[in-house]
Amino acid sequence: MLFDLDDTLISREVAVNHIFSMILDKCYKDVKHSVKNDMLQTFKEYDKRKYGLSDKVQVVESFFDEFPPQYRIMSSNIQDFWDTNFPRCFSVDQNTVDIVNTLKMQYKVAIITNGTVKRQKAKLIKTNLYNYFDTVLISDEVGFRKPDKRIFDLALNRLNVRPDETLFVGDDLEKDIAGCQNANMKGIWFNPHTNKNDTEITPFAEVNSFDRLLSLKYGIDYFKKQNGK
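These numbers come from a predicted model, not from an experiment.

What counts, and where the lines are drawn
- Residues numbered from 1 in each chain as written.
- Predicted model: local features only at pLDDT ≥ 70, side-chain atom pairs only at ≥ 80, totals over all residues.
- Heavy atoms only, no water.
- Phe/Tyr/Trp six-rings, centres within 6.5 Å; stacked < 30°, edge-to-face > 60°.
- Lys NZ or Arg CZ within 6 Å of the ring centre and 35° of its normal.
- Buried < 20%, exposed > 50% of the residue type's maximum accessible area, 1.4 Å probe, protein only.
- Helix = DSSP H or I, 4+ residues; strand = E, 2+ residues; numbered from the N terminus.
- Contact = heavy atoms within 4.5 Å.
- Polar contact = N/O pair within 3.5 Å; in protein donor to acceptor, adjacent residues only side chain to side chain.
- Axes fitted to C-alpha atoms, helices over the stretch in contact; angles between N-to-C directions.
- Left-handed = near helix turned anticlockwise from the far one by under 90°.
- Nonpolar A, V, L, I, M, F, W, Y, C, P; charged D, E, K, R; others polar.
- 1 Å grid on protein atoms, 1.4 Å probe; cavity = no way out; pocket = protein on both sides within 12 Å on 5 of 7 lines; lining within 4 Å.
- Points joined across faces, edges and corners; volume = space filled by probe spheres on them.
- Pairing = 2+ DSSP bridges.
- Right-handed = clockwise from strand over helix to strand, strands pointing away.
- Disulfide = S-S within 2.5 Å.
- Salt bridge = Lys/Arg side-chain N within 4 Å of Asp/Glu carboxyl O.

Undergrad: Could you clarify how one ought to interpret the packing of aromatic side chains in this entry?
TA: To describe a pair of aromatic rings, you give the distance between the ring centres and the angle between the ring planes. On inspection of all chains with the given rule, the structure shows 14 aromatic pairs. The interplanar angle of 40° and the centroid separation of 5.5 Å between the aromatic rings of Phe63 and Phe67 together place this pair among those described as tilted. Ring geometry for Trp82 versus Phe86: centroids 4.9 Å apart, planes at 35°, classification tilted. One aromatic cluster is present, built from ring pairs that chain together Phe20, Tyr28, Phe43, Phe63, Phe64, Phe67, Trp82, Phe86 and Phe90. The positively charged end of Lys186 is found above the aromatic ring belonging to Phe204, 5.9 Å away from the centroid.

Here it is as structure tokens:
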């Protein structure tokens, strides 16, 4: 079973909340609670617009322009501040770890993630996820990005498994689900917020919690059936 990293195994939304709090503590004083919520929503909106891009200077600069701080991080220092602190804002739910460990008792497990080597490795080290997976593929390290089927093929080769006996779990319909389907895998759409699927992409299954991966329809029993166990 293969997994996406961001917003699948770990919550990027939680991490964004944490780095916002760090910026608030570092750059602002005596912010009223009512204003703080507006600031957070604005910060999230700017972050969402630049999601997937390594350069976060414009995110913070735009936020500062709308909410002028007492202490403004210099533009030349913003990217370093983000790269240093954002990976530290991630955590992994213990229930997720327990489910991965349950799967690993019978099946090979791996991560395929888009992103820079420095940033993604920092997240994996911070959350200790390296210890739970047989292999990890980071797009910038291997030279291919999801939804390119070659990164999925590379994972299959590393694990020495066939695509028809492999499931990929991810939150992004285009990058994760369509990408793995191009490599002849079945994709499970991880959709904890029960978002509407407005695409023409049809996942093999949809789950809104990791517990469902262990159910009859979506998880281990599917593998057992396919492998004649």
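Undergrad: Can you walk me through helix H9 (residues 173-182) in this structure?
TA: Think of an α-helix as 3.6 residues a turn; residues three or four steps apart then line up on the same face. Within H9 the residues assigned to the buried category are Leu173, Asp176, Ile177, Ala178, Gly179 and Cys180. In the core, the buried residues of H9 are packed alongside helix H8 (149-159), strand E4 (167-170) and strand E5 (186-190). If you check the start of H9, you find a side-chain oxygen 3.0 Å away from the backbone N of Glu174, and it comes from Asp172.

Undergrad: I tried to follow the packing of helix H2 (residues 33-49) against helix H3 (residues 57-66) on my own but got confused; where do I start?
TA: Where H2 contacts H3, the two axes come as close as 9 Å, and the packing angle between them is 145°. Viewed along their axes, H2 and H3 form a crossing whose handedness is right-handed. The segment H2 lies against H3, with Met39, Thr42, Phe43, Tyr46 and Asp47 engaging Val59, Ser62, Phe63 and Glu66. In terms of residue class, the contact of H2 with H3 is built from 5 nonpolar, 2 polar and 2 charged.

Undergrad: Which parts of the structure should I look at to understand the layout of surface pockets?
TA: Empty space left among the atoms is revealed by rolling a probe the size of a water molecule over them. Roughly 1,100 Å³ of volume is contained in the largest pocket. The wall of the largest pocket is formed by 32 residues, among which Asp7, Arg12, Glu13, Asp171 and His193 lie closest to the centre. At the level of secondary structure, the elements contributing two or more residues to the lining of the largest pocket comprise helix H1 (12-27), H2, helix H5 (94-104), H9 and E5. Residue classes in the lining of the largest pocket are distributed as 11 nonpolar, 9 polar and 12 charged. As a volume, the second largest pocket reaches approximately 430 Å³. Lining the second largest pocket are 24 residues, with Asp6, Tyr51, Gly52, Asn114 and Gly115 sitting closest to its centre. Those elements giving two or more residues to the lining of the second largest pocket turn out to be helix H6 (117-127) and H9. Among the elements that take part in the lining of the second largest pocket, H6 stands out by supplying 3 residues, more than any other. Taken together, the residues that form the lining of the second largest pocket break down as 4 nonpolar, 7 polar and 13 charged.

Undergrad: When you look at the pairing of strand E3 (residues 135-138) in this model, what are you seeing that I'm missing?
TA: Here is the key point about a regular strand: its side chains alternate between the two faces of the sheet. Residues Thr135 and Leu137 line one face of E3 and the alternating positions Val136 and Ile138 line the opposite face, and both faces are buried. The sheet contact formed by strand E2 (residues 110-113) and E3 spans 4 bridges and is parallel. In the sheet register, Thr113 faces E3, and the bridge partner there is Ile138. Regarding the hand of the β-α-β motif, the stretch spanning E2, H6 and E3 is right-handed.

Undergrad: Teacher, can you tell me more about the side chain of Thr8 here?
TA: By the element assignment, Thr8 lies in the loop between strand E1 (2-3) and H1. Here Asp4 takes part through its side chain, which lies 2.8 Å from a polar atom of the side chain of Thr8.

Undergrad: Explanation requested: the state of the cysteines in the structure shown.
TA: A covalent bond between the sulfur atoms of two cysteines is referred to as a disulfide. The full count for this structure, using the stated rule, is 0 disulfides. The thiol sulfur of Cys27 is not disulfide-bonded, and the nearest other cysteine sulfur, from Cys89, lies at 14 Å. Judged by relative accessible area, Cys27 falls into the buried class, the value being 2%.

Undergrad: Even after reading the chapter, I still don't get the pattern of salt bridges, so can you show me in this structure?
TA: For side chains bearing opposite charge, pairing can occur when the charged atoms are close. Applying the stated criterion across every chain, the model contains 16 salt bridges. Of the charged contacts in the structure, one is a salt bridge between Glu13 and Lys44, with a shortest N-O distance of 3.5 Å. Of this pair, Glu13 sits in helix H1 while Lys44 sits in helix H2, placing them 31 residues apart in sequence. For Glu13, a relative accessible area of 39% translates into the label partly exposed. We note a salt bridge from Lys175 to Asp172, for which the minimum N-O separation is 3.9 Å. By relative accessible area, Lys175 is classed as partly exposed at 32%. Counted as one network, the salt bridges with shared partners bring together Asp4, Lys146 and Asp176.

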